[in-house]
Amino acid sequence: MEKTFDLQKHIEQGVEQIIADTLRATLKNPKESTFMVKFAAASRKASKIRMKHEEAGLHVPGFLIASITSSCNLHCAGCYSRCNHATVDAPPVRQLSDEEWLKIFREADDLGISFIMLAGGEPMIRRDIIEAAGNMSNIIFPIFTNGTYIDERYFNLLDQHRNLIPVMSIEGGKEITDSRRGEGIYEVVTSNMDRFKEKGLIFGASITMTTENIEEITSHEFLDSLMEKGCKLVIFIEFVPVTEEAQHLAPGLKERAYMEKAMEELREHYQEAVLLSFPGDELAMGGCMAAGREFFHINSHGGAEPCPFSPYSDVNIRDTSLKDAIQSPLFQNLKDGGFLNDEHEGGCVLFTKRDQVEALMRNGQ
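Quick caveat, the model's predicted, so the values are computed rather than measured.

Regarding the overall build of the protein chain
- Each helix and strand in the protein chain was counted, giving 15 helices and nine strands.
- Within the protein chain, the proportion of its 365 residues that are buried is 55%.
- Once local pairs closer than 6 in sequence are excluded, the contacts in the protein chain between residues at least 24 apart make up 71%.
- Accessible surface, the protein chain as shown: approximately 16600 Å² in total, 51% of it carbon and sulfur.

Regarding the nonpolar core
- Counting residues in each nonpolar core, the largest one holds 101 residues, and the members touching the most others are F105, I116 and L118.
- Leave out the neighbours within four places in its chain, and L118 touches A66, I68, F105, P123, I130, A133, F141, P142, I143 and F144.

Focus: helix α5 (residues 127-134)
- Taken together, the buried positions of α5 are R127, I129, I130, A133 and G134. The arc enclosing the buried residues of α5, seen along the axis, measures out at 160°, which places them on a common side.
- Looking at the packing, one finds that the buried side of α5 touches α4 (98-111), β2 (115-119), β3 (141-145), α6 (152-160) and β4 (164-169).

Observations regarding the side chain of T69
- Among the structural elements, T69 can be located in the loop between β1 (63-67) and α3 (80-83).
- Accessibility expressed as a relative area gives 2% for T69, which makes it buried.
- Beyond its immediate chain neighbours, meaning those up to four positions away, T69 contacts Q95, A119, G120, G121, E122, P123, R126 and S300.

Some remarks on the confidence of the model for the protein chain
- Chain-level statistics for the protein chain give a pLDDT mean of 86 and a share of 87% at 70 or above.
- Note on residues 1-8: pLDDT is under 50 here. Beyond four places in sequence and across chains, it has eleven contacts.

Quick word on the pairing of β1
- With five of five residues buried, β1 lies mostly within the body of the structure.
- Across the two faces of β1 the burial is the same, with F63, I65 and S67 and L64 and A66 all buried.

Overview of the packing of aromatic side chains
- Per the counting criterion, the structure on display carries eight aromatic pairs.
- Taking 5.6 Å as the distance between ring centres and 75° as the angle between the ring planes, the aromatic pair formed by F39 and F115 counts as edge-to-face. Of the two residues, F39 sits in helix α2 (residues 30-55) while F115 sits in strand β2, which places them 76 residues apart along the sequence.
- Residue class for F39 comes out buried when judged on its relative accessible area of 1%.
- Accessibility expressed as a relative area gives 5% for F115, which makes it buried.
- Measuring from centroid to centroid gives 5.6 Å for F296 and F331, while their planes differ by 65°, and the two rings are edge-to-face. Separated by 35 residues along the polypeptide, F296 in the loop between β7 (274-278) and β8 (297-298) and F331 in helix α13 (residues 329-336) bring together distant segments of the chain.
- An aromatic cluster is defined as three or more aromatic residues linked by ring pairs; in this entry it consists of F35, F39, F63 and F115.
- One residue, R127, lies across the ring of Y154, its end atom 4.2 Å from the ring centre.

Topic: the side chain of R82
- Structurally, the position occupied by R82 is in helix α3.
- For R82, the side chain forms a polar contact with the main-chain oxygen of L74, separated by 2.9 Å.
- When neighbours within four sequence positions are excluded, R82 is seen to be in contact with C72, L74, H75, T87, V88 and D89.

Points about the environment of L223
- You can see L223 is positioned in helix α10 (residues 220-228).
- Apart from the residues lying within four places of it in its own chain, the contact partners of L223 are I217, T218, V234, F236, L266 and Y270.

As for the pattern of salt bridges
- Counting across every chain of the model gives 16 salt bridges.
- Of the charged contacts in the structure, one is a salt bridge between K199 and E152, with a shortest N-O distance of 3.0 Å. With K199 in helix α8 (residues 185-199) and E152 in helix α6, this pair connects stretches of sequence that are 47 residues apart.
- Assessed through its relative accessible area of 38%, E152 is described here as partly exposed.
- By sharing partners, the salt bridges in this structure join E152, R195, E198 and K199 into a single network.

Here's the deal with the environment of Y270
- Mapped onto the elements of the fold, Y270 is located in the loop between α11 (253-269) and β7.
- Here Y270 falls in the buried class, since its relative accessible area comes to 7%.
- The spacing of Y270 and H220 is 50 residues in sequence and 9.5 Å in space, taken between C-alpha atoms.
- Setting aside residues no more than four positions away along its own chain, Y270 makes contact with H220, L223, D224, M227 and L275.

Concerning a negative patch on the surface
- A contiguous patch of negative charge, built from E260, E264, E265 and E268, is present on the exposed surface.
- One can find E268 in helix α11.

Quick look at the packing of α13 against helix α15 (residues 354-363)
- Remark: α13 packs on α15, axes separated minimally by 11 Å, with the N-to-C direction vectors making an angle of 135°. Classified by the interaxial angle, the pair formed by α13 and α15 is oblique. α15 is crossed by α13, and the crossing has right-handed handedness. Counted together, L330, N333 and L334 of α13 and V357, L360 and M361 of α15 form the full contact between these two elements.
- Its residues assigned to classes, the contact of α13 with α15 comprises five nonpolar, one polar and no charged.

Definitions and limits used
- Residues numbered from 1 in each chain as written.
- Predicted model: local features only at pLDDT ≥ 70, side-chain atom pairs only at ≥ 80, totals over all residues.
- Heavy atoms only, no water.
- Helix = DSSP H or I, 4+ residues; strand = E, 2+ residues; numbered from the N terminus.
- Buried < 20%, exposed > 50% of the residue type's maximum accessible area, 1.4 Å probe, protein only.
- Contact = heavy atoms within 4.5 Å.
- Areas by Shrake-Rupley, 256 points an atom, 1.4 Å probe, with all protein chains shown as cover.
- Core = buried A, V, L, I, M, F, W, Y, C linked by side-chain atoms within 4.5 Å.
- Arc of directions from axis to C-beta.
- pLDDT = per-residue confidence, 0-100.
- Phe/Tyr/Trp six-rings, centres within 6.5 Å; stacked < 30°, edge-to-face > 60°.
- Lys NZ or Arg CZ within 6 Å of the ring centre and 35° of its normal.
- Polar contact = N/O pair within 3.5 Å; in protein donor to acceptor, adjacent residues only side chain to side chain.
- Salt bridge = Lys/Arg side-chain N within 4 Å of Asp/Glu carboxyl O.
- Patch = residues over 30% accessible without salt bridge, like charges linked within 9 Å, V, L, I, M, F, W, Y side chains within 5 Å.
- Lys, Arg positive; Asp, Glu negative; His and termini not counted.
- Charge placed at Lys NZ, Arg CZ, Asp CG, Glu CD.
- Axes fitted to C-alpha atoms, helices over the stretch in contact; angles between N-to-C directions.
- Parallel < 35°, antiparallel > 145°, perpendicular 65-115°, else oblique.
- Left-handed = near helix turned anticlockwise from the far one by under 90°.
- Nonpolar A, V, L, I, M, F, W, Y, C, P; charged D, E, K, R; others polar.

Next comes the structure, spelled out in structure tokens:
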């Protein structure tokens, strides 16, 4: 008899492992270790809350992605957010307010969600929201940032609120980072890393994996440079080719096989850091984790979407609760219709099935 995959149990074990890995990564930093011990207790409580919801027939994901602004000061080559018009240069219209985001964070806490990833645009533009997030110590907020807004005031805030963890974007070395993100950005990001190390603050790096940089970003030379600066979290994210011109940058089967082998070796070698790969790690979790299986996305205007790479929504958080948004008809149909079970192509299974997702939206099914 085939063994049933227990998604909830797998998720709980995954969250516990992230906490354990982070504790190990911060043992030499008393402030970070003290916070992580307290957070571990809060996470166990949150896990019990999610389990109660599960028993009552509601699956609550452990992660939420919140794009708190559509503004960004950079124009990175091939940016999926700009190509999808989720990030714009025009003044943002009708974005969620500070109070609306804080309401979402509180609802997430009540539901037992332990991780809220702050994205954008450039999330550090919304300092007010990040300050509010810092006061919610039951939740860890990784902040996916380009690093250009981190100033002394931010360093002080991050020192006071250890649940705020900047994850700065970098593409490899100076040449490839500046060619994609803009001249001088590599120097800004690496200088910030040096400051974080000086101040004893934990930070991470987010790396977009393409056919052009895969060997460089998985090399010991590059990762050693991050570890020497104090980086404790590295997230590799496959490039999503929103335009035909960028298709050649999308990892294929060859690159995914290379990455899978590399991740196994790197995790063994860099045991003092947390290394994650998306969507590569999702395959071990039974397929795509979007649409509320283990995470979902709220855009800057309140739309609840399966994920940032699948910008479709049939409910807005302004009109409903977070609990009801998790159970949206679109999310349910994506899960029940088997949309999330296949292997991915170009970084996102839902991106490759966007025509089918759009048909679901049109038909209201």
